[in-house]
Amino acid sequence: KAVGQAEYGGAEVLKIVEVPAPEAGELDVVVRNKAAGVNPVDWKVRAGGVPLKKPSEEDPLVIGWDAAGVVEKVGDKVKDLKVGDEVFYSGDVTRAGSYAELTAVDSRIVAKKPKNLSFAEAATIPLVAITAAETLIDAFDAKKGQSILLYNGAGGMGSFTIQLAKAMGLTVIATASRPETTAFVKDLGADHVINHREPLAPQLEAAGVPQVNYVFDLYDNKNLVELISVLKPGGRAAIVWTLEKELVEKLDWYSMWSKRQSIMSVFMFSRPMFGYELERQGELLTHVAGLIDEGKIKAVVNYSFTLEEISKAHELQESGKVMGKIGISITE
């Protein structure tokens, strides 16, 4: 059983379908998924915003990539996992996804599930964890005592990144605009919370952090010019979605060049999509699992649905009002 779509479109195109059970390639594991997570990329793919295969009734597209479950089969060249292991992963957008009872996934991007989390909780972690860790640890090489501004701190990405940044010893400034989201990000550990619907610079001045080492735009890049303006010389910015031409033309590239500032793209599916450094993805997940088991990071699952309710979950994710993560129960 899986959720498939025969065409691109709104949440209504998602249907329960029967698909063949996947086989394990030589480096794959087949996971019996207990639960899955929902992320913004899911609805963007569903709607046709990310070019993948053309779905049809005969060959439906199965999306969703976050999941947690139990290894049921292993390929001949799999080294570190065995049948019966409890694991979590965020898969490969070029392969069938995790809105399914069974998923074949490259073992190198899989890690053992945190012991302290249920399957439902663990399933919501991988995509945000890998994205945050690739950014803060690998791309930024952030150090204790430095500062980071997280734009849109209350979403799934923000709720995890706040915690990882605090675990790394950073000063965290997160943006939020509603009383409930402000309280939410404060509870997650943000040192300062500012309103992204108001000018950022005066609020940062008032907070005693007029410029930051890093900015991480966790939304749509529309405020990137303003975010760059509060970045220290030598600072780095990261974005989770592509830059549109109009925005590229608005950025002051001479100022950024002279200050040795940089913008980097963050796309955690890049490694499995293009087949490079796959082991690093598994390493980062294992590192995060350790932080979770040490009590330094918690899962923030504020919404739960069944696989049959996946369209409702997508409608909620697409609303832009989500605080934390959305979980999908499959067989748990």
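Residues numbered from 1 in each chain as written. Predicted model: local features only at pLDDT ≥ 70, side-chain atom pairs only at ≥ 80, totals over all residues. Heavy atoms only, no water.

Chemist: What should I look at first to understand the layout of surface pockets in this one?
Modeler: If a probe the size of a water molecule is rolled over the atoms, the empty space left behind becomes visible. Here the largest pocket defines a volume of roughly 1,300 Å³. Together, 50 residues line the largest pocket, and Pro40, Lys44, Leu218, Tyr219 and Val240 are the ones closest to its centre. Mapped by element, the contributors of at least two residues to the lining of the largest pocket are α1 (40–46), α3 (126–139), α4 (156–167) and α12 (310–318). Ranked by residues supplied to the lining of the largest pocket, first place goes to α1 with four residues. The residue makeup of the lining of the largest pocket, split by class, is 25 nonpolar, 18 polar and seven charged. (1 Å grid on protein atoms, 1.4 Å probe; cavity = no way out; pocket = protein on both sides within 12 Å on 5 of 7 lines; lining within 4 Å. Points joined across faces, edges and corners; volume = space filled by probe spheres on them. Helix = DSSP H or I, 4+ residues; strand = E, 2+ residues; numbered from the N terminus. Nonpolar A, V, L, I, M, F, W, Y, C, P; charged D, E, K, R; others polar.)

Chemist: Would you mind going over the nonpolar core with me for this structure?
Modeler: Within soluble globular proteins, side chains that are nonpolar tend to cluster in buried spots. Formed by 72 residues in total, the largest nonpolar core has its most connected members in Ile125, Ile148, Phe160 and Phe216. Per-element tally for this core: the top contributor is α3, with seven residues. Other than its neighbours up to four places away in sequence, Phe216 contacts Thr131, Thr135, Leu136, Ile148, Leu149, Leu150, Tyr151, Met157, Thr161, Ala238, Val240 and Val266. Listed in part, the 19 residues of the second largest apolar core include Leu204, Val209, Ile228 and Leu247. (Core = buried A, V, L, I, M, F, W, Y, C linked by side-chain atoms within 4.5 Å. Buried < 20%, exposed > 50% of the residue type's maximum accessible area, 1.4 Å probe, protein only. Contact = heavy atoms within 4.5 Å.)

Chemist: I'm lost on the packing of aromatic side chains in this one. Help?
Modeler: By convention here, two paired aromatic rings are described through the distance between centres and the angle between planes. Enumeration over the complete set of coordinates arrives at four aromatic pairs. Between Trp65 and Phe269 the ring centres are 5.7 Å apart and the planes differ by 65°, which places this aromatic pair in the edge-to-face class. In this pair, Trp65 is assigned in the loop between α1 and β4 (66–74) and Phe269 in the loop between β13 (262–265) and α10 (270–274), connecting sequence segments 204 residues apart. With respect to burial, Trp65 and Phe269 carry one shared label: buried. When the ring of Tyr254 is compared with that of Trp257, the centres are 5.5 Å apart and the planes differ by 45°; the resulting orientation is tilted. (Phe/Tyr/Trp six-rings, centres within 6.5 Å; stacked < 30°, edge-to-face > 60°.)

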